[in-house]
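Observations on the model geometry
As a plain string of letters, each chain reads:
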Amino acid sequence: MPEVSTAASKVRQEFADFLDDARQRPQYIKRRSYHYIVVPAETFEELVPLSIKVKDTIDNDGSHFTENKQFPDVIGFGVSAEDALSSFKEGLVSYSYEYYDRFPYYSAAPGRQEQAPMILHLISHYERFGNLDEIVKAA
């Protein structure tokens, strides 16, 4: 069976062609004893679907805050449900980039390991569209 992995040195020499090929089908890179898979963001997002439902709750003082199961540490606050949802989205973006910056630690932490694919999806989507409107919805 033919090997599908391309040596990293060859990828560096023909990087644009390599990425063009990755649009057609996943590409594999071999560097030392490591193997990497390159796929377009759209393909990754299809492989790791994500929908975040956010519940609006009203506090005793009439202010709104959010609750969700996937990211319980991220809470949005506001004077209305819309404000709280917007605050949640901003907090989720901040949390996603913090998680990514400390990926080796967060992705190994109990209670946060299962968030790793979701974080990659969130960042991929946010980098392309500048918002999370298609992913985060009010419950």
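Each remark here, short or long, concerns the structure printed above.
Residues numbered from 1 in each chain as written. Predicted model: local features only at pLDDT ≥ 70, side-chain atom pairs only at ≥ 80, totals over all residues. Heavy atoms only, no water.

Summing up its helical and strand segments, the chain has six helices and seven strands in all. Its C-alpha atoms put the chain at 65 × 30 × 25 Å along the principal axes. In the chain, which comprises 139 residues, the proportion classed as buried is 32%. Between the averaged position of the 15 positive side-chain charges in the chain and that of its 22 negative side-chain charges there is a distance of 9 Å. (Helix = DSSP H or I, 4+ residues; strand = E, 2+ residues; numbered from the N terminus. Buried < 20%, exposed > 50% of the residue type's maximum accessible area, 1.4 Å probe, protein only. Lys, Arg positive; Asp, Glu negative; His and termini not counted. Charge placed at Lys NZ, Arg CZ, Asp CG, Glu CD.)

Moving on to the sheet that holds strand β1 (residues 5-7). What the three strands build is an open sheet, ordered β1-β2-β3; its pairing is mixed. Two strands bound the open sheet, and with one partner strand each, they are β1 and β3 (34-38). Across the sheet, the mean angle separating the axes of adjacent strands is 35° when strand polarity is ignored. Alignment of β1 against strand β2 (residues 27-31), held across three bridges, turns out to be parallel. The partner of T6 across the bridge, within β2, is I29. This element, helix α2 (residues 15-24), spans β1, β2 and β3 of the sheet and lies at about 135° to β2. (Pairing = 2+ DSSP bridges. Axes fitted to C-alpha atoms, helices over the stretch in contact; angles between N-to-C directions. Contact = heavy atoms within 4.5 Å.)

A separate point is the pairing of β2. Sheet analysis places β2 next to β3, joined by five bridges and oriented antiparallel. Across the sheet, Q27 pairs through a bridge with V38, a residue of β3. Counting the residues in the hairpin turn of β2 and β3 gives two residues, including R32, whose phi is positive at 55°.

As a further point, take the sheet that holds strand β5 (residues 64-67). In spatial order, the strands read β6-β5-β4-β7; together these four strands make up an open sheet with mixed pairing. With one partner strand each, in any of the chains shown, β6 (77-78) and β7 (136-138) form the two edges of the open sheet.

Another point: unusual backbone geometry. We note that R32 has phi near 55°; this positive angle belongs to a residue other than glycine. Along the chain, R32 falls in the loop between β2 and β3.

Moving on, we get to the nonpolar core. The biggest cluster of nonpolar side chains holds 20 residues, and the ones touching the most others in it are I52, F71, L92, L122 and V136. Breaking this core down by element, the ones donating at least two residues are β4 (52-58), α4 (81-101) and α6 (116-129). Among the elements that line this core, the one with the most residues is α4, at six residues. If we skip the residues at most four places from it in the chain, F71 touches I52, L92, Y95, Q115, M118, I119 and L122. (Core = buried A, V, L, I, M, F, W, Y, C linked by side-chain atoms within 4.5 Å.)

Purely geometric numbers; function is a separate question.
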